[in-house]
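# Observations on chain architecture
Residue strings, one per chain:
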Amino acid sequence: MKVTILGNNSALPAFGRHPTSQVVSVYGALIMLDCGEGTQVQMQRYGLRWRNLEHIFISHLHGDHYFGLPGLINSMSLLGRTAPLNVYAPARLNDMLNMIFEVADTELCFPYNFHPLPEGTAKLVENDMFSVTCFPVNHRIQCHGFLVERKTRGRKLLPANAKEYEIPAEFYENLKMGEDYLRPDGMLVKNEWVTDEGPSPKKYAYCADTVFTDSFLDVIQGADTLYHECTYLHQEVDKAEKRFHSTAAQAAQLAKMANAKQLLLGHFSSKYRDLEPFREEALAIFPNVQVTIEGTAYEI
Ligand SMILES: [Zn+2]
Ligand SMILES: [Zn+2]
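Residues numbered from 1 in each chain as written. Chains lettered and ligands numbered in written order. Predicted model: local features only at pLDDT ≥ 70, side-chain atom pairs only at ≥ 80, totals over all residues.

A word on the domain arrangement of the protein. Assigned domains of the protein: these are domain 1 (2-153 + 199-299) and domain 2 (156-195). Centre-to-centre separation of domain 1 and domain 2, based on C-alpha positions: 42 Å. (Domains from an automatic or database assignment.)

This part takes up helix α9 (residues 248-257). Judged by how many residues are buried, α9 sits mostly within the fold: seven of ten residues are covered. Regarding α9, the residues found buried are Ala248, Ala249, Gln250, Ala251, Ala252, Leu254 and Ala255. For α9, the elements touching its buried residues are β15 (225-229), β16 (262-266), α10 (276-283) and β17 (289-291). Note on α9: the residue one or two positions beyond its end, Asn259, has a positive phi of about 55 degrees. (Buried ≥ 20, exposed ≤ 12 C-beta atoms within 10 Å, placed from the backbone. Helix = DSSP H or I, 4+ residues; strand = E, 2+ residues; numbered from the N terminus. Contact = placed C-beta atoms within 7 Å.)

All right, on to the environment of Pro168 then. By the element assignment, Pro168 lies in the loop between α4 (159-164) and α5 (172-176). The spatial distance from the C-alpha of Pro168 to the C-alpha of Tyr181 is 9.7 Å, given a sequence separation of 13 residues.

With that out of the way, let us pick up the environment of Phe286. On the secondary structure map, Phe286 appears in the loop between α10 and β17. What makes Phe286 buried here is the crowd of 21 C-beta atoms within 10 Å. C-alpha of Phe286 to C-alpha of Ala249: the two residues are 37 residues apart in sequence and 8.8 Å apart in space. With sequence-adjacent residues up to four places away left out, Phe286 is seen in contact with Ala252, Ala255, Lys256 and Leu263.

Listed below in structure tokens is the structure:
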């Protein structure tokens, strides 16, 4: 499971950095978190395929988090997409998107499903590979973070070993569930001879735009990777609070409180060219910090 950063800047593009967007990959499925301007270009640049993208989540309706969405959807249609697309966002985004498609007389050639975000915490998607939960954060307008959880898929089959013990293919699913196999000749084949440990559950918490708060700490507790915005360095903490944003020190503080294993920093103000001070500030509080770089895929 990994997350590829497509945009790591705040409101304005600056110093080659783009507004917010990132794509989480779980067992080959792609999940997009926010879709700032330029996202489809960034996807092309970094080789992410739209075909595997079926779920897009928009945290809030500040433009740096969704201005890329109409263009992305339009391109998917022009390229003849047939797979359904699910967009989860504040309700009013649907009005805007529908108006854009209506004035251009655009008819999408694939099933497009819009899911308005509820006010509180709720599980939005759940399948056998992953689940996505939204949780309210504290920003100037209604805003949600998202928790992406990877599920285990049982044990991993070692096909060569299973063949060697002459186990019929119909029994492979039972092997993945951890069962032993009793052969017709009476030999008991131990599960660990023919399988390996499967992928472990993982938890990725994306905290979107927020002022420093512990109000959603229970949801993100124990995250393998926590992404937190840090629009400013801590010397600008007053400005951060006034604008409902956070500092690198506050992001690190929350990662520590949540017992996260790794902290990813992003949503940098366009006033900063050099991002090294963000890393230093956070590292003084929390030991495993990455100042995100666009195009980089971080293991969760
Ligand atoms: Zn923003
Ligand atoms: Zn915002």
